[in-house]
Amino acid sequence: MEKLYLLLIGIFAYSTSNCNAFTLSNSPSSFARVTSRTTLTKTAVATDTSFVRPDTLSNGITEQACADAAAKMQRIEVPVPTNVAEDGTVGISYIHWKAETKTNTMPLLLVHGFDSSCLEYRRLGPKLAALGIDTYAVDLLGWGYTQLDNVQSFSAQAKVEALKSFWDSIGQERNVCVAGASLGGAAAIEFAAINPDVVKGCIFIDAQGFVDGVGPMASLPKFLAQAGVQVLKSEPLRNSANNMSYYDKETYATEDALKVGRLHCLREGWDNALVSFMLSGGFYPSEKVSQITAPSLILWGRQDTILEIEFAQKFLDTLPDAQLKWVEECGHVPHLEQPDATAKLISSFLSSEKFSSNMSENDNVNEMKDVGVMEENKILIATSLTGVALVGTAVATGVLGSI
């Protein structure tokens, strides 16, 4: 079973692109890292002002939800160890759907699957926001629309470090619930295991939690791995994986879905980033599942043929505090095939009594941030008034001449 799943992951990962099929609206140089800084209460977030959002319409994608999600995409620089990037920062792309109503639920951090992007959550994100959940979908380093140039490592460890740094920058000390779909579940497990003080809830969506590594690919010479990535870019393989992912193939396994899943693979440097990850050995989540003490929700498509129901039960048996909810008439991707049902299950979980104490803690953090911003504004106003007074005095005494 594990070997079969690894094969399916390989197909899904490598069958992502015929690079002559579409063109991106931005050139490779448009991903150069020119930044401006916006000061927040605790830390500074560097926004990559050169980042060009993916142009879905120009690439033949007709789904409005995809265009809407792409229009919200941003990229910021986050600190990482110098063995990941020599200058100590990498650009991480994400989409933020702000909660449309006031609730006390924790923010939710969504992590996509293998060699995918945050556009994977284009249907779920808006529905969660409408239910009052502040929702972030983030790209894992090396995938999606993250920085690909001037990065030394796209390993599993580098991905988790960048994910942690992203939430440190964006979350501003707020507790968070992390959700991972498919291989994103492995990243979510590793992230939650090393951040128990911040991660207070977990959601696993048809997640990989009990298959370690990437199989024989990790031991291949680099030149063979690179050749393999090129060979396995074929459209038929991606189409096969697309069909495997859904229960209702006629409705969802469309040409449009194929294009959305492939779009990020057209970026220069994508193949090298994927080889770097594969040669690093991949994620090793299985021994960490039992270490997650936060309340957890397991969501599983009843008709998932990629990860069968035995894996859902194994999560339930291994996690200290977990509940399992089935998503009916659904394959491997509930967030894409049944977003309404998935959003309601997540909302019910996050608003349960399990998280009452975390809601209060986040309220306190937000209040402290608001007070801090008010105090900074007072200081800024006072400083500005002082500056005006000094300038007025200088003018009056003729120091500034005719200015």
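Given the structure is predicted, the values throughout are model-derived calculations rather than measurements. (Residues numbered from 1 in each chain as written. Predicted model: local features only at pLDDT ≥ 70, side-chain atom pairs only at ≥ 80, totals over all residues. Heavy atoms only, no water.)

Considering the overall build of the protein chain
- In terms of regular secondary structure, the protein chain is built from 14 helices and 10 strands.
- Counting over 403 residues, the protein chain shows a buried share of 54%.
- Of all intrachain contacts in the protein chain linking residues separated by at least 6 positions in sequence, the fraction that spans at least 24 positions is 76%.
- Split by element, the accessible area of the protein chain, about 17,200 Å² in all, is 55% carbon and sulfur. (Helix = DSSP H or I, 4+ residues; strand = E, 2+ residues; numbered from the N terminus. Buried < 20%, exposed > 50% of the residue type's maximum accessible area, 1.4 Å probe, protein only. Contact = heavy atoms within 4.5 Å. Areas by Shrake-Rupley, 256 points an atom, 1.4 Å probe, with all protein chains shown as cover.)

What to know about the side chain of His335
- Summarising the element assignment, His335 is placed in helix H12 (residues 334-337).
- Sequence-distant contacts of His335, that is, excluding residues within four places in its chain, are made with Glu120, Tyr121, Arg123, Leu124, Ala181, Ile205 and Thr342.

Description of helix H11 (residues 309-318)
- When we look at burial in H11, the residues that qualify are Phe311, Ala312 and Phe315. Around the axis of H11, the buried residues are gathered within 105 degrees of arc, so they sit on the same side. Along H11, exposed side chains directed more than 90 degrees from the buried face belong to Glu310 and Asp317. (Arc of directions from axis to C-beta.)

Comments concerning the packing of helix H4 (residues 156-171) against helix H5 (residues 183-194)
- Viewed as axis vectors pointing N to C, H4 and H5 meet at an angle of 60 degrees, and their least axial separation amounts to 10 Å. It follows that H4 is oblique to H5 by the angle criterion. Between H4 and H5 the crossing geometry is right-handed. Judged by residue contacts, Val160, Leu163, Lys164 and Trp167 of H4 engage Ala187, Glu190, Phe191 and Ile194 from H5. (Axes fitted to C-alpha atoms, helices over the stretch in contact; angles between N-to-C directions. Parallel < 35°, antiparallel > 145°, perpendicular 65-115°, else oblique. Left-handed = near helix turned anticlockwise from the far one by under 90°.)

Things to note about unusual backbone geometry
- Positive phi values are uncommon outside glycine, yet Asn150 reaches one of about 60 degrees.
- Position of Asn150 among the secondary structure elements: in the loop between strand E6 (135-138) and H4.
- Owing to a relative accessible area of 55%, Asn150 belongs among the exposed residues under this scheme.
- For Gln172, which is not glycine, the phi dihedral falls at a positive 50 degrees.

Here we look at the nonpolar core
- If you look at the biggest cluster of nonpolar residues, it comprises 66 residues, and the most contacted ones within it are Val90, Leu109, Phe166 and Phe315.
- Top element by residues in this core is H4. It accounts for eight residues.
- Leave out the neighbours within four places in its chain, and Val90 touches Ile76, Glu77, Val78, Val80, Val84, Ala85, Leu141, Gln147, Val151 and Ala162.
- With 35 residues, the next largest nonpolar core counts Cys118, Leu119, Leu263 and Leu297 among its residues. (Core = buried A, V, L, I, M, F, W, Y, C linked by side-chain atoms within 4.5 Å.)

Here's the deal with the packing of aromatic side chains
- Summed over all chains, the structure comprises 12 aromatic pairs.
- Ring geometry for Trp143 against Phe277: centres 5.0 Å apart, planes inclined by 65 degrees, an arrangement best described as edge-to-face. Taken together, the positions of Trp143 in the loop between E6 and H4 and Phe277 in helix H10 (residues 270-280) put the pair 134 residues apart, joining distant regions of the chain.
- Of the residues examined, Trp143 reaches a relative accessible area of 0% and is grouped as buried.
- Ring centres 5.0 Å apart and planes at 85 degrees place the aromatic pair Phe349 and Phe355 in the edge-to-face group. In terms of burial, Phe349 and Phe355 fall into one category: buried.
- A network of ring pairs unites the aromatic residues Tyr94, Tyr136, Phe166 and Trp167 as a single cluster.
- Its guanidinium or amino end placed over the ring of Trp143, Lys159 lies 4.4 Å from that ring's centre, counting from NZ or CZ. (Phe/Tyr/Trp six-rings, centres within 6.5 Å; stacked < 30°, edge-to-face > 60°. Lys NZ or Arg CZ within 6 Å of the ring centre and 35° of its normal.)

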